[in-house]
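# Observations on chain architecture
One-letter residues, chain by chain:
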Amino acid sequence: MPQADGQKLPVIIFFDPHAQGQIPVKEYAQLASEYKYLLIGSNDLHNGQSASQTSNIVSALLNEAVSQRNADEKRIYLCGFSGGAKVAMMYGMSLPEIKGVVACGGSISPNVKRDSTFCFVGMVGNKDFNYLDMQQTLAQFSKMNTPFTSVVFDGKHEWPAANDFRNAFIALDVNAMHTGVKPADMDWLKTVYNAMSDSANNCMASGNYAKASEYIGRIQGWYGSVNNDIRLSAFLSNLNSNYVYQNYLNKIQNLAVKEVNLRGQFINSVETRDLEWWKSEIENFKKSIASNDEQVSLTSQRLMAYLSMMSFSLASNEISSNNAESAYKRLQIYEMVDPDNTDVYLLYARYYLMINDREQMVANYKKAVDMGFADYDQYASDPSWKMLFAQPEIK
């Protein structure tokens, strides 16, 4: 909570999928001090809770923000990562008191159209398996003529770094000024515009038309148009006839179709393909990741990340259902896809507990610890992990 001298502050309430709301609060504390925002993180809300549990947590936080933390009731925003982003969108789109949502690495289809005072910020890493889902959500906001900001950062499925998240604070403040909720600071608005315009022009000068159009899209989202900027308006008018850019768009669209199709085939292939096929397929993806073609590499990295998430989920479900044979195959696929992930060996430990091989249970748990696993308390309180962490050998 920045020093406010009795002034009501805008508030962002954060939802983390693993009930670690302190992570974004700490990460963005300096930005909150700079932009004068109150940050509240939930250490209770997490994936897998019932609708009533989630509703109670959200309601309690909203009440606390206004009644106990002196938040500005006209500027209440929700922000979440992954499953937390879906919660933020679900409540942010349906509750009129929420004036904006920042969704990081996760999204849902907008279920209602909000008025112009509502601000949506979609943030996603270029290697995130939810990248395409976020792009689809932004396209839906565009069709609904709802203001939005798109931020693609260099990263995977994770909370954005503070330098990237700065764009969320700027977007929320610009929207608040344009809609009269916050007094307009014309000098600041001009500074922000000029910084974006310079970035767009630098990208154009270097031939990075895709990044340039991303900056221009951000300007349009924040300021409505670029008609008064001769350089940018000329660039936009010529963009559709730009051969390099059109080739880039075609390539991106083809890769997106391929990514969607492969994701759809993966689940069926778990049942129908043997481990040798999976080994060969994964090796091919690793070769594509090493490609000099950036977009091919990014697509392959997202597909590998999707495979990791998918195989974790499938293996965990089979273990919970006591399906030993099916679980073991999915675990082997998971290990091939993501051998440096400690969850692989924690799941193996759960598997060996299920089949009563305590020696291998301990060996795999120790391997996870040796690789850096340190979230004992978090996992021990998670219903799906409780049985493993209740064993006397697991310390």
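What you see is a predicted model; the values in this text were computed from it and never measured. (Residues numbered from 1 in each chain as written. Predicted model: local features only at pLDDT ≥ 70, side-chain atom pairs only at ≥ 80, totals over all residues. Heavy atoms only, no water.)

### Re the pairing of strand β6 (residues 148-153)
Most of β6 is tucked away, with five of its six residues classed as buried. When strand β5 (residues 119-125) meets β6, the two strands line up parallel, connected through six bridges. For F120, the partnering residue across the bridge sits in β6 and is F148. Traced from β5 through helix α5 (residues 131-143) to β6, the parallel crossover comes out right-handed. (Buried < 20%, exposed > 50% of the residue type's maximum accessible area, 1.4 Å probe, protein only. Helix = DSSP H or I, 4+ residues; strand = E, 2+ residues; numbered from the N terminus. Pairing = 2+ DSSP bridges. Right-handed = clockwise from strand over helix to strand, strands pointing away.)

### Re the side chain of S297
Residue position: S297 is located in helix α12 (residues 294-320). Ignoring any residue separated from it by four or fewer positions in sequence, one finds S297 in contact with S288, I289 and S291. (Contact = heavy atoms within 4.5 Å.)

### Some remarks on the sheet that holds strand β2 (residues 38-42)
Think of a sheet as strands paired side by side through backbone hydrogen bonds, with each pair either parallel or antiparallel. Reading across from one edge, β2-β1-β3-β4-β5-β6 is the order of the six strands in this open sheet, with parallel pairing throughout. Either end of the sheet is taken by a strand with one partner, and the two such strands are β2 and β6. Going from strand to strand, the sheet's axes swing by 15° on average, the running direction of each strand aside. With five bridges connecting them, strand β4 (residues 98-104) and β5 associate as parallel partners. Bridged to V101 within β5 is F120. Helix-sheet contacts for α5 involve β4, β5 and β6, and the interaxial angle to β5 is about 160°. (Axes fitted to C-alpha atoms, helices over the stretch in contact; angles between N-to-C directions.)

### Digging into α12
Here α12 is 27 residues long and its end C-alpha atoms lie 39 Å apart, about the 39 Å a rise of 1.5 Å per residue gives. N322 sits one or two positions beyond α12 and adopts a positive phi of about 60°. (Expected span 1.5 Å × (residues − 1).)

### Some points on the packing of aromatic side chains
Scanning the entire structure with this criterion turns up 31 aromatic pairs. With centroids separated by 6.1 Å and ring planes inclined at 45°, the aromatic side chains of F14 and F165 adopt a geometry described as tilted. Residue F14 is found in strand β1 (residues 9-15), and its partner F165 is found in helix α6 (residues 162-178); the two are separated by 151 residues along the sequence. F165 matches F14 in its accessibility class, with the two residues each being buried. The interplanar angle of 50° and the centroid separation of 6.1 Å between the aromatic rings of Y379 and F389 together place this pair among those described as tilted. Of the two residues, Y379 is situated in helix α16 (residues 376-380) and F389 in helix α17 (residues 386-389); the sequence distance between them amounts to 10 residues. For the pair Y379 and F389, one class covers both residues: buried. The structure contains a cluster of three or more aromatic residues connected by ring pairs, namely F14, Y28, Y35, Y37, Y77, F81, W159, F165 and F169. Geometry around Y215 places K211 over its ring, the cationic atom sitting 5.9 Å from the centre. A cation over an aromatic ring shows up here: R350 above the ring of W385, its NZ or CZ 4.9 Å from the ring centre. (Phe/Tyr/Trp six-rings, centres within 6.5 Å; stacked < 30°, edge-to-face > 60°. Lys NZ or Arg CZ within 6 Å of the ring centre and 35° of its normal.)

### Things to note about the nonpolar core
One finds I12, Y37, V102, F165 and F169 to be the most contacted residues of the largest nonpolar core, which totals 43 residues. Per-element accounting of this core gives the leading share, nine residues, to α6. Those residues within four positions of F169 in sequence are excluded, and the remaining contacts are I12, Y28, L31, A32, Y35, Y37 and L39. V11, L38, A88 and M89 belong to the second largest nonpolar core, which has 33 residues in total. (Core = buried A, V, L, I, M, F, W, Y, C linked by side-chain atoms within 4.5 Å.)

### A word on α5
The end-to-end C-alpha distance of α5, which contains 13 residues, comes to 19 Å, matching closely the 18 Å that a straight helix rising 1.5 Å per residue would cover. Of the residues making up α5, those classed as buried are Y131, L132, M134, T137, L138 and F141. For α5, the elements touching its buried residues are α4 (83-94), β4, β5, β6, α10 (243-272) and α12. Taken from the residues just after α5, N145 is the one with a positive phi, measuring 55°.

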